[in-house]
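Single-letter residue listing:
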Amino acid sequence: MKKLQEILGYTFHNPRLLHNALTHSSYANENRTAGETSNERLEFLGDSVLGMVVADYLYRGHPNMPEGELTRTRAALVCEDSLVEVARKWNLGTYLRLGKGEDAGGGRQRPSIRADAVEAVIAAVYLDGGVDSARNLITRFILTNNDREQDGLDRDYKTALQELVQRESGRVLEYRLMGENGPDHAKIFTVAVYLNGTSIGSGEGRSKKEAEQAAARAGIQRLTEAEGK
């Protein structure tokens, strides 16, 4: 447990909380007479703490982002894949307390078990050190994952534009790279989005994905204004 606490960057005042966070239901069921309880209640609490901290971060960091986009971006940050990445960084599978059958069946590598344990650990830190300690943990291991946050932002505008054009059948979107400018370490990409061969918007960004996002946003504005006339 000392090694795991070093990885987390947090030392527990009550180590039993961390002990409980790592206890899978299969282990608790096999050791019920010894008073062992599973991490399921902690997982429930951790899910809410994680959601609140991420929502607060997005709300403050993106003051102009609509509610639907906030929701989708939060989902990208707290999804199972994101939590499994965190579990890998913590080497969490090594510390899990599993029943014999679950352990033999590869439970230490099972994504759902590892993701649930991450949420349980977040709850344990929250109960032991308060919301600021939990926020610090989440910020360092989840909110610094800018690629995943960007994936969520990219998906917002491109998905929204796709949904908008699909209101009428036979309409096809295409993104075209129009140019690259600047040195290799600071390139600016320009992308245009076409609807049935006609440009409806363009945008720039430090990556092709970012430029596509900007183009999609411009396309949404163009189509929305046209529909409002």
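That block above? That's the structure.
Residues numbered from 1 in each chain as written. Predicted model: local features only at pLDDT ≥ 70, side-chain atom pairs only at ≥ 80, totals over all residues. Heavy atoms only, no water.

## Side note on the sheet that holds strand β3 (residues 198-205)
Spatial ordering of the open sheet is given by β1-β2-β3, a layout of three strands whose pairing is antiparallel. Either end of the sheet is taken by a strand with one partner, and the two such strands are β1 (173-181) and β3. If you compare each strand with its neighbour and ignore which way they point, the axes differ by 20° on average. Here seven bridges tie strand β2 (residues 188-195) to β3, and the two strands are oriented antiparallel to one another. Within β3, the position partnered with V193 by the bridge is G201. (Pairing = 2+ DSSP bridges. Helix = DSSP H or I, 4+ residues; strand = E, 2+ residues; numbered from the N terminus. Axes fitted to C-alpha atoms, helices over the stretch in contact; angles between N-to-C directions.)

## Observations regarding the packing of aromatic side chains
Taken as a whole and assessed by the stated rule, the structure comprises two aromatic pairs. On the numbers, 5.5 Å between centres and 85° between planes, the contact of W90 with F141 is edge-to-face. Highlighted residues: W90 in helix α6 (residues 80-90) and F141 in helix α9 (residues 131-143), separated in sequence by 51 residues. Judged on exposure class, the residue W90 and its partner F141 are both buried. Of note, K158 hangs over the ring of Y175, and the distance from its end group to the ring centre comes to 4.7 Å. One Lys or Arg, R176, reaches over the ring of Y194 and ends 3.8 Å from the middle of that ring. (Phe/Tyr/Trp six-rings, centres within 6.5 Å; stacked < 30°, edge-to-face > 60°. Buried < 20%, exposed > 50% of the residue type's maximum accessible area, 1.4 Å probe, protein only. Lys NZ or Arg CZ within 6 Å of the ring centre and 35° of its normal.)

Purely geometric stuff here, so don't read any function into it on its own.
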